[in-house]
Amino acid sequence: MTNHYQSTYTPNTPAIKEEMLKEIGVKSYKELFVDIPEKFRFPELNLPSPTSELDLKNEMSKLANKNSIPGEYSSFLGAGAYRHFIPSVVKQLTSRSEFMTSYTPYQPEVSQGTLQAHFEFQSMVCELTGMEAANAGMYDGATSAAEAVLMACRINKKFKVNIVDGVSPFYIDVIKTLTQATGIEIITQDLNTALNASEESTACYVIQQPNFSGEIEDINKLNELSKKNDALLIVISEPMFLSMYKTPNNYGADIVVGEGQPFGVSLTYGGPYAGLFACKKKYLRQLPGRIVGETVDSENVKGYVLTLQTREQHIKRDRATSNICTSVGLIALMSTVYMALQGKVGLKYLSELCYHKAHYAASKISALDGYEILNNNFFKEFTLKCGTDVKKINSYLHENKVIGGYNTSDESKNTMLLSFTEMNSKEEIDRLVTLLSKVN
Amino acid sequence: MYPNNLKYSEEHEWLLESNGIATIGITDFAVDSLGDIVFVELPQKGTQINQFSTFGEVESVKAASEIYTPISGEIIEINENLETEPELLNNSPYENGWLIKVKMSDPTEIEKLMDSKAYEQFVNSED
Amino acid sequence: MNNTNKRKLLMDRSIPGKVGATFPALDIPEQKLPDKSQLREDLAMPEVSENEIVRYFSSISQMNFSIDHNFYPLGSCTMKYNPKLNDDIASFPGFNDIHPLQDTSTTQGALELMHDLQNLLAEITGMAGTSLSPMAGAEAELAGMLMIRSYHLNNEDFKRKKVIIPDSAHGTNPASAVMAGFEVISIPTDENGNTDIDALKSVVDDTTAGLMLTQPSTIGLFDTNIIEVVKIINENGGLIYGDGANLNAILGKVKPGEIGFDVVHSNLHKTFTQPHGGGGPGAGAVMVSQRLVDFLPDPIVTKEEKSSIFNLSQPIKSIGKMGTFHGNFGALVRAYAYIRTLGKDGINAISEDAVINANYIRVKLQDTLDLPYDRICSHEVVFSAKSIKEKYGVNALDMAKRLIDYDIHPPTMYFPLIVDEAFLVEPTETESKETLDEFIDVMKTIVKEAESNPELLHNAPHNTPNKRLNEAMAARNPKLSWRDTKAN
């Protein structure tokens, strides 16, 4: 056994490197680092020893199994990330090395696969949201919302942003973080207060549909108000919901953003996901992120390119619409393949199925003593008011191999958000109902 | 090399003066370095602009450049053809590709601009 | 699938009645649907069968170059081999299927991995604390600049509104600085490729919040003035941001924290092999010195001393959340697996091999192309095609497009802006000498072609599904969706 470590990833052996060093004109690789000040050169790296594939897999497997896994547990947890069924084809196609190990399509002639797939994604996002233009994805729903706010302020040249209560608290946090140095003022108000306060200095209104509590809002009045105040209307939505309900362009949305994860993307503990971003065509030049456009080549053959790149950082630098560079290529592809497979009929069927599951669960749970559904109009997720501490309930559920809903007791005492998808069978739902009846 | 009847600024804009109205555009040197023009952003009629400050932007496929006015005054006309035909800047930068017309507030400002010979020297020295 | 057929979009293949997925059973009683007025009437999505979808995407994928098929000497992108082991591990259900909002008592394995990775990255960069929540390099840059801003505001130092950035910087640097509320002061790089010290001294004062520096720089050079640069900024009360895009060159060779950097970010999709995915996803870990630890983005993973329980915590002066949840965990798993596979020996070897490979290319092509900085380079080398343009009328773009005909992805060209007709070449450590020799031969051939047959280069590429594409048309008359292509 030799002392020398040779990784499976680096093909040049010490003998080959000797040859190369000769050609370069140095005796040792150390001479190639002389520009680093001597006192900082070659520090001690306190890292573990290399691990073989076999050993690492064993170790990581143990680590992974320390987690409670949805699938082994029934899960009713949503609140912005949802467990939906992912057909096998999604993983197979997106694992293709041509998609997975390719680079950002800056050289279009060698990236037509990526570009055409992105074009499909943009087309589908337009259909889903009812908007005229969409980009190729952003990091996640929250950063899409933050970018939408920044975009609205650029367009209107106003700096007041009105976020309507019911927008996810995570999204509000991210919007505040990403705009903290831009001079933008963020206020949050409940819908009624917003409707009664007329504010010409508002750049945009931001509302979530369905909102964080699962309630489906009536956005018509807010639309009227935004038009009256010459403000943009930004709607945060969810793709499964958009597959079933009237799209936000019907009530005047200027920009629609949301989380693409429910469509073909595994939960992966929170990321990577893909933020959806769509808007009216008149705002095109202010749209952040990557955009793919159709064109022809010198022989008039159709092809695709990144377009309107002058908005982006690699050209405009400090005057860019956003600093985004690497985006979400492969994740957007997962959603694209998912939407292609489900198609027109599948998406309608699945969204209605989620609706049925959630409403069935609601009818059974609300029949129990000590439980009350707080929503009037919901889709696949609702807020449940419980008779006792939610932590206690979720603990009990976990002991019985169930992951319960998101605890919203900080906002409203003893409440949780429960979500239902096609992954929750009748047995699972009935069992949840039984367990809930036993806790109280 | 550059039209004799025009005046030029260091930011590669040209100016044609006639009866107190200045027609403004960008030179073919600027257009060539930008490449195929895809979009021109111009302010609205009535906007007041000050000499050497920015008033808009020209975008090509690979670059975006701000445009600086060579003269102060009120914008009385903008070239609306550029909205649908930005390539006019590539094809005819000194005629059909004009950008704006300005009612000059102080015609003596023209003295700060270069004539075609001086501009040619300026361009050659820049490289 | 032939080339014409490949370009047919899904909606143009769609025929009512085709199905691409099966429908799970409606196993509960049907509920009353909402009133029709709430529901959408139409959803124009494709109706295509499963196998047609597989053939379609498989076929178009073959129009891509990719690391598994092609050499990608893309400077600053570190297009190294993506180990398959990392994908396998990331797909373990215990990592792949867990929900971000599960009670942390039920995700201790995930949190342990993140905590360990935080420590490994801090050790590699010589820093005191890490947050794994930024979802890309640019987001990490923004986080870093927001932390610098918060630091000064927290010290009631309100006049520090300027950030100094060398003209060789990647575009995300000034873009991020502006998003963090700063004014950007650009300083030149001198003819040796180092930060111009005189220029730096002339702009730095008590309104300087800090400096953003990439080390080694985007021209592949380690700044020999670095100690003085750090001293000047620190003496004036500024902080130093280190763009870690080029970490591949210095792993185990220098720790930015020891030199005096206050923030360093790492692009996990560059140095730590998260697959590039056709443009993402990435992940941008951000590491900080002790004085910035309290400002880290939310969340970081902490470990209780007595119980050894892991938690998600918000640093006491945190700049806030950069994303909905905790960062791109899928990328974090891969980075962690990679670092553990290589260990101390392997991580050290990366920079050796990367730097040897780049210098090998440097000496082999220095007589073929212009070499603006004739000195030892780091993991990447910048050439210029300026002389070739002058002699033969062929520019860097033409040469790049011709490289494609030889199945090699062009090097980086859109920066650094300070080099005319630039080729920024980064071979990475995962390329063999054979591949490098092939690249060198091809570049020499292309230069010969420039002399004897320039038209061949002007019209390149010739062997791809599309010849040179009309980008002006795409920007003048944007068609961004299937519906746009139907309208006229």
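Residues numbered from 1 in each chain as written. Chains lettered and ligands numbered in written order. Predicted model: local features only at pLDDT ≥ 70, side-chain atom pairs only at ≥ 80, totals over all residues.

Caption draft 1: Fine view of the overall build of chain A. A tally of helices and strands in chain A yields 14 helices and 15 strands. Overall, chain A is about 80 × 55 × 50 Å in size when its C-alpha atoms are taken along their principal axes. The burial tally for chain A puts 60% of its 440 residues in the buried class. Across chain A, every contact between residues at least 6 apart in sequence was considered, and the portion connecting residues at least 24 apart equals 71%. (Helix = DSSP H or I, 4+ residues; strand = E, 2+ residues; numbered from the N terminus. Buried ≥ 20, exposed ≤ 12 C-beta atoms within 10 Å, placed from the backbone. Contact = placed C-beta atoms within 7 Å.)

Caption draft 2: Representation of the domain arrangement of chain A in the model. Here chain A is partitioned into domain 1 (11–43), domain 2 (89–337) and domain 3 (344–439). Residue composition of the side of domain 2 of chain A that touches domain 3 of chain A, grouped by class: 5 nonpolar, 3 polar and 1 charged. (Domains from an automatic or database assignment. Nonpolar A, V, L, I, M, F, W, Y, C, P; charged D, E, K, R; others polar.)

Caption draft 3: Representation of the interface of chain B and chain C within the structure. On the chain C side, the residues contacting the 5 residues of chain B number 4 residues. A per-class count over the side of chain B that touches chain C returns 4 nonpolar, no polar and 1 charged.

Caption draft 4: Geometry of helix H5 (residues 112–129) of chain A. All names here are of chain A. In this model, H5 (18 residues) spans 25 Å end to end at C-alpha, consistent with the 26 Å of a helix rising 1.5 Å per residue. Counted residue by residue, H5 has 18 buried out of 18 residues, so it is predominantly covered. Just downstream of H5 lies Gly-130, where phi reads positive at about 80 degrees. (Expected span 1.5 Å × (residues − 1).)

Caption draft 5: Structural detail: the domain arrangement of chain C. What the domain assignment reports for chain C is domain 1 (3–61), domain 2 (85–341) and domain 3 (352–472). Computed over C-alpha atoms, the centres of domain 1 of chain C and domain 3 of chain C are 44 Å apart.

Caption draft 6: Molecular detail of unusual backbone geometry. Across the junction of Gly-271 of chain A and Pro-272 of chain A, the peptide omega takes the value 5 degrees, indicating a cis bond. Along the polypeptide, Pro-272 of chain A turns up in the loop between strand S7 (255–259) and strand S8 (275–279). In this model, Gln-215 of chain C is joined to Pro-216 of chain C through a cis peptide bond whose omega is -10 degrees. Residue position: Pro-216 of chain C is located in the loop between strand S4 (208–214) and helix H10 (226–235). One non-glycine residue, Tyr-269 of chain A, adopts positive backbone phi at about 50 degrees. Locating Tyr-269 of chain A in the fold gives a position in the loop between S7 and S8.

Caption draft 7: A look at the sheet that holds strand S11 (residues 372–373) of chain A. All names here are of chain A. The strand order across the open sheet built from 4 strands is S11-S12-S15-S14, with neighbouring strands paired in antiparallel fashion. Two strands lie at the open edges of the sheet, namely S11 and strand S14 (406–407), each paired on one side alone. Here S11 pairs with strand S12 (residues 381–385) via 2 bridges, running antiparallel. Each bridged residue has a counterpart across the sheet, and for Ile-373 the counterpart in S12 is Leu-384. (Pairing = 2+ DSSP bridges.)

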